[in-house]
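Single-letter residue listing:
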Amino acid sequence: MKAVLCAAFFLLLAAFCARAEERVAAGQYLTILADCAACHTPPGGAPLSGGRRIPTPFGWVIAPNLTPDRETGLGAWSAAAFDRALRFGRRPDGSFLYPAHPFPYFARFTREDSEAIRAFLATLPPVHQAVRGADLSFPFDLRFLLVFWDALYAKPAPPLPDPGHDALWNRGAFIVTGPGHCGACHTPKTALGGDVAARAFAGGVVAGWVAPALDGDPRTGLGEWREDEIAQFLATGAAHGALASGPMAEVVTLSGARMTAADRAAIAHYLKSLPPPPPSQAAAPPPHATMAAGEGLYRLRCAPCHGRDGEGTPGLFPRLAGSALVQASNPATILRVIFNGARAAATDAAPTGAAMPGFAGALDRAEIAAIATYIRNAWGNAAPAVAAGDVTP
């Protein structure tokens, strides 16, 4: 009898340990879907130890320490306190978290998801790193005012699963509108930094980079992309003649490349279901003299890599003809890349991303604007002209 009881005890213990390991693994994967490392891992620092400064239109928010250090991290937080912060944007004392933490999206998580994430974070080596919450201008540094932001923008998302769609679509909808918080970058913002819900996924700006539209617009969105191309872009940062750069390169490296192929396919399937926006008025053709100047500079400086007709080289130099990013209504990214250069995403399969040098020291701002205007309106592209005053470091 004693032997039977001992065997039963060890079987229960083994099952408990296996369940705990599964929960930790599930939590780790959810932090990949949520791209937690992009904000909470400082450059060259310990994973998820916080301290990274996140730029916002109102100042800086400093990402908190998520390691289990009891004094400066989450070690002393209860499961309920962690869940309230993760999904509802409240600190243990009841005050509001700044919405740089995308809690309106993370409300898609279940309480079980929250506990899995907390279980994973508890396995990290504790790092003693005190970080201050924000460095915002007045009056945006007054946390109590966030009660108004919360009332305006922290709306419950439509319930999932949607019985009108299949399981693949519903999985994609969960990731895109939940942990992936794609709309945090790809949806236009109000003056208070909330999503313009009526224009979800119509494109936005983050940290001075344009996040292109994810809707079905054939010129500025994903209308001409296939599902397998979207999935490939998430995995490698290169597809459909485009290369991920800026913040999206980091998303690919830290999140997209580490997801399962099934989840990347689900995201692509959901995004391809988004309709195109209503037709908009065409931009006025740019001045002929500007196009002529831009074409001459392009052929001298850009065509050796991007091709005479903007066709690019797959995986190495992005295609400019038909590019949604090039034709975005806001030229910030294309100007930034010409001025400062850029580096594409690095993944385990391709650890050295392709790079482009900046032309700030070789071209003046009028010349950079002329090149930008040309590539935005050549080869069938169409977008507003760019002025020299639009070019900033």
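In short, a report on the structure. (Residues numbered from 1 in each chain as written. Predicted model: local features only at pLDDT ≥ 70, side-chain atom pairs only at ≥ 80, totals over all residues. Heavy atoms only, no water.)

Details of the overall build of the protein
Spelled out, the test is: Helix and strand assignments come from DSSP, with helices taken as H or I runs of at least 4 residues and strands as E runs of at least 2, each series counted from the N terminus. For a compact globule the rule gives 2.2 Å times the number of residues to the power 0.38, and the radius of gyration it is set against comes from C-alpha atoms. The classification of residues rests on relative accessible area computed with a 1.4 Å probe and restricted to protein chains. Under 20% of the type maximum is buried, over 50% is exposed, and intermediate values are partly exposed. The charge count includes Lys and Arg as positive and Asp and Glu as negative, but it does not include His or the ends of the chains. Charge placement uses NZ in Lys and CZ in Arg. For Asp and Glu, CG and CD serve respectively.
Looking only at helices and strands, one finds 15 helices and nine strands in the protein. The C-alpha radius of gyration of the protein comes to 23 Å, within 12% of the 21 Å expected for a compact globule of 393 residues. Counting only C-alpha atoms, the protein reaches 95 × 45 × 40 Å along its principal axes. Within the protein, buried positions represent 42% of all 393 residues. Side-chain charges of the protein comprise 32 positive and 31 negative groups, with the mean position of each set lying 4 Å from the other.

Observations concerning the packing of aromatic side chains
When we look at a pair of aromatic rings, we describe it by the centre distance and by the angle of the planes. What counts here: Two aromatic rings from Phe, Tyr or Trp, using only the six-membered ring of Trp, form a pair when their centres are within 6.5 Å; if the ring planes differ by under 30 degrees the pair is stacked, by over 60 it is edge-to-face, and anything between is tilted.
A complete count under the given rule lists nine aromatic pairs for this structure. With 5.6 Å between their ring centres and 90° between their planes, W225 and F233 make a pair best called edge-to-face. Here W225 matches F233 in class, with each residue buried.

Some details on the pairing of strand β1 (residues 53–56)
Stated formally: By definition, two strands form a pair when at least two bridges between them are found by DSSP.
Note: β1 against strand β2 (residues 59–62), four bridges, orientation antiparallel. Bridge pairing links T56 to G59 in β2. Counted along the chain from β1 to the antiparallel partner β2, the turn is two residues long.

Describing a nonpolar patch on the surface
What counts, and what does not: Surface patches are defined over residues having more than 30% relative accessible area and no salt bridge, joining like charges when they lie within 9 Å and nonpolar side chains (Val, Leu, Ile, Met, Phe, Trp, Tyr) when within 5 Å. A 1.4 Å probe and the Shrake-Rupley method give the accessible areas. Residues count as covered only by the protein chains that appear here. Definition used for salt bridges: Asp or Glu carboxyl oxygen within 4 Å of a side-chain nitrogen of Lys or Arg.
Nonpolar side chains collect at one region of the surface, where F144, L145, V147 and F148 lie side by side and expose about 390 Å² of accessible area between them. By the element assignment, F144 lies in the loop between β3 (134–136) and α6 (146–153). Under the relative-accessibility criterion, F144 is labelled exposed at 57%.

Looking at helix α5 (residues 111–121)
Spelled out, the test is: An arc is given here, and it is the one of the directions from the helix axis to the C-beta atoms.
All buried positions along α5 are accounted for by D113, S114, A116, I117, F120 and L121. In a view along the axis of α5, the buried residues occupy a sector of 160°, so they form one face of it.

Digging into the side chain of N65
Cut-off, in case you're wondering: Two N or O atoms form a polar contact when they lie within 3.5 Å of each other; inside protein one atom must be a possible hydrogen donor and the other a possible acceptor, and for residues adjacent in sequence the pair counts only when both atoms belong to side chains. Here, residues are in contact when the closest pair of their heavy atoms is within 4.5 Å.
The residue N65 is located in the loop between β2 and α3 (79–88) in this model. For N65, a relative accessible area of 2% puts it in the buried group. Of the polar contacts made by the side chain of N65, one reaches the side chain of T67; its length is 2.8 Å. Only 3.5 Å separates the side chain of N65 from the backbone oxygen of Q129, close enough to count as a polar contact. With residues up to four places along the chain from it excluded, the contact list for N65 reads L48, S49, G50, T72, G73, L74, V127, Q129 and V131.

Side note on the packing of helix α12 (residues 288–301) against helix α15 (residues 365–375)
How we decide: As a rule, the C-alpha atoms of each element are fitted with a line to give its axis, helices using only the stretch in contact, and angles between N-to-C directions run from 0 to 180 degrees. Working rule for angles: under 35 degrees goes down as roughly parallel, over 145 as roughly antiparallel, 65 to 115 as roughly perpendicular, anything else as oblique. Classes in brief: Ala, Val, Leu, Ile, Met, Phe, Trp, Tyr, Cys and Pro nonpolar; Asp, Glu, Lys and Arg charged; the others, Gly included, polar.
One can describe the packing of α12 onto α15 by two numbers: an axis separation of 7 Å at closest approach and a directional angle of 95°. Judged on the interaxial angle alone, α15 and α12 are roughly perpendicular. Two secondary-structure elements touch here, α12 through T290, M291, A293, G294, E295, L297 and Y298 and α15 through E367, A370, I371, T373, Y374 and I375. Within the contact of α12 with α15, the residues separate by chemical class into eight nonpolar, three polar and two charged.

Some remarks on the sheet that holds β2
An order of β1-β2-β3 is seen for the three strands of this open sheet, with the pairing classed as antiparallel. Looking at which strands have only one partner, the edges of the open sheet turn out to be β1 and β3. Each neighbouring strand pair of the sheet contributes to a mean axis angle of 20°, computed without reference to strand direction.

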